Amino acid sequence: MIPADTPIWLAFLLVSAAMTVMVALRYFLASGLFAWATARLRPGLYAGLSGQISKEIRWSLIAAFIYGAPAGIVFWLWRHHGYSLLYSDWTAYPLWYLPLSVLIYLFAQDSWFYWSHRAMHASTRLFRLAHSVHHESRPPTVWTAMSFHPLEAVSGALLIPLLVFFIPIHLAMLGAVLTAATIMGVVNHMGWEVFPRRFVHSAFGRWMITASHHERHHEEYRCNFGLYFRFWDRVCGTDRGLSQRLDQSRQHSKAPG
Ligand SMILES: [Zn+2]
Ligand SMILES: [Zn+2]
């Protein structure tokens, strides 16, 4: 760990670098794992996309720094000065607050993503400036999960480092939120549905975003703006349901062989 008496600029530089490496490793681990699964279960799905995938990895590594730097700085400020409402004592809040805090964070992230994402599609200028990079992935792949223009990455990177100053969360629960964000980011861009059809079409599944739902956003652009939940899309009338291609390909994949 970095000694507490390290000059603040050097400490910020070191924690930013360390967290960037962690975010980049997390990206390679999660996307790499699902890329391996895709190659085995849907061979040839990414055929001819190696040029696109190289670009996705380049944008994602820039995004890793943008996500890593504020996260590292806030973590350091908490460790050495106790700033923010992060906590590591399991008894600091009631146990029922642990899952509730995860839901609050996921819903806050989902709400922020829905409205900022919708705004980026509402303005041609903003779309070209900040969001077109993400849509250059046609079709998306496991490596698209963090492929964002730096401006879009900034909008996503600051939310959680700000939230920890307003909404208490246990460090392990924050880890759970970040793990869910990483895995859902990858599987929702994977180009095939990982969840059983029965789940996707269940009463609960119909409120959740999976690959079939987000793929339709990448097909049609002006619908399905959410991140984890279909709540805002449904409330605001922007939900157009699932990608026919993914939903059908799942039915076909049930065929023998
Ligand atoms: Zn996407
Ligand atoms: Zn979009």
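Not measured: the values here are computed from a predicted model.

**What to know about the overall build of the chain**
Thinking step 1. A tally of regular secondary structure across the chain gives 11 helices and two strands.
Thinking step 2. Reading the secondary structure of the chain in the N-to-C direction produces α-α-β-α-α-α-α-β-α-α-α-α-α.
Thinking step 3. Relative to the globule expectation of 18 Å for 257 residues, the C-alpha radius of gyration of the chain, 19 Å, shows essentially globular dimensions.
Thinking step 4. Residues counted as buried form 32% of the 257 residues belonging to the chain.
Thinking step 5. Considering only contacts within the chain whose residues lie at least 6 apart along the sequence, 69% involve residues at least 24 apart.

**What to know about the packing of helix H3 (residues 97-122) against helix H4 (residues 124-135)**
Thinking step 1. Running from N to C, H3 and H4 cross one another at 125°; their axes reach a closest spacing of 6 Å. Our classification of the angle between H3 and H4 gives oblique. Within the contact between the two elements, H3 uses Ala119, Met120 and His121 and H4 uses Leu126, Phe127, Ala130 and His131.
Thinking step 2. Broken down by class, the residue content of the contact of H3 with H4 amounts to five nonpolar, two polar and no charged.

**Observations regarding the packing of H3 against helix H7 (residues 171-187)**
Thinking step 1. Taken N-terminus to C-terminus, the directions of H3 and H7 make an angle of 40°; their axes are 9 Å apart at the nearest point. In terms of axis orientation, H3 runs oblique to H7. Judged by the sense of rotation from one axis to the other, the crossing of H3 with H7 is right-handed. Contacts between H3 and H7 involve Leu98, Ser101, Val102, Tyr105, Leu106 and Gln109 on the former and, on the latter, Met173, Ala176, Val177, Ala180 and Ala181.
Thinking step 2. Of the residues assigned to the contact of H3 with H7, the class counts are nine nonpolar, two polar and no charged.

**Details of unusual backbone geometry**
Thinking step 1. The omega angle of the peptide bond from Arg138 to Pro139 is -5°, so this bond is cis rather than trans.
Thinking step 2. Within the secondary structure layout, Pro139 lies in the loop between H4 and helix H5 (150-157).
Thinking step 3. For Tyr221, which is not glycine, the phi torsion reads 70° and is therefore positive.
Thinking step 4. If you trace the backbone, Tyr221 turns up in the loop between helix H9 (211-220) and helix H10 (231-235).

**Some remarks on the confidence of the model for the chain**
Thinking step 1. With 96% of its residues at a pLDDT of 70 or more, the chain has an overall mean of 93.
Thinking step 2. Mean pLDDT values over the elements of the chain span from 70, in helix H11 (residues 244-253), up to 98, in strand S2 (residues 169-170).

**Things to note about the environment of Arg26**
Thinking step 1. By secondary structure assignment, the location of Arg26 is in helix H1 (residues 8-41).
Thinking step 2. Since 18 C-beta atoms lie within 10 Å of it, Arg26 is described here as partly exposed.
Thinking step 3. Sequence separation of Arg26 and Ile8 is 18 residues, and the distance between their C-alpha atoms is 26 Å.

What counts, and at which threshold
- Residues numbered from 1 in each chain as written.
- Chains lettered and ligands numbered in written order.
- Predicted model: local features only at pLDDT ≥ 70, side-chain atom pairs only at ≥ 80, totals over all residues.
- Helix = DSSP H or I, 4+ residues; strand = E, 2+ residues; numbered from the N terminus.
- Rg over C-alpha atoms; globule rule 2.2 N^0.38 Å.
- Buried ≥ 20, exposed ≤ 12 C-beta atoms within 10 Å, placed from the backbone.
- Contact = placed C-beta atoms within 7 Å.
- Axes fitted to C-alpha atoms, helices over the stretch in contact; angles between N-to-C directions.
- Parallel < 35°, antiparallel > 145°, perpendicular 65-115°, else oblique.
- Nonpolar A, V, L, I, M, F, W, Y, C, P; charged D, E, K, R; others polar.
- Left-handed = near helix turned anticlockwise from the far one by under 90°.
- pLDDT = per-residue confidence, 0-100.

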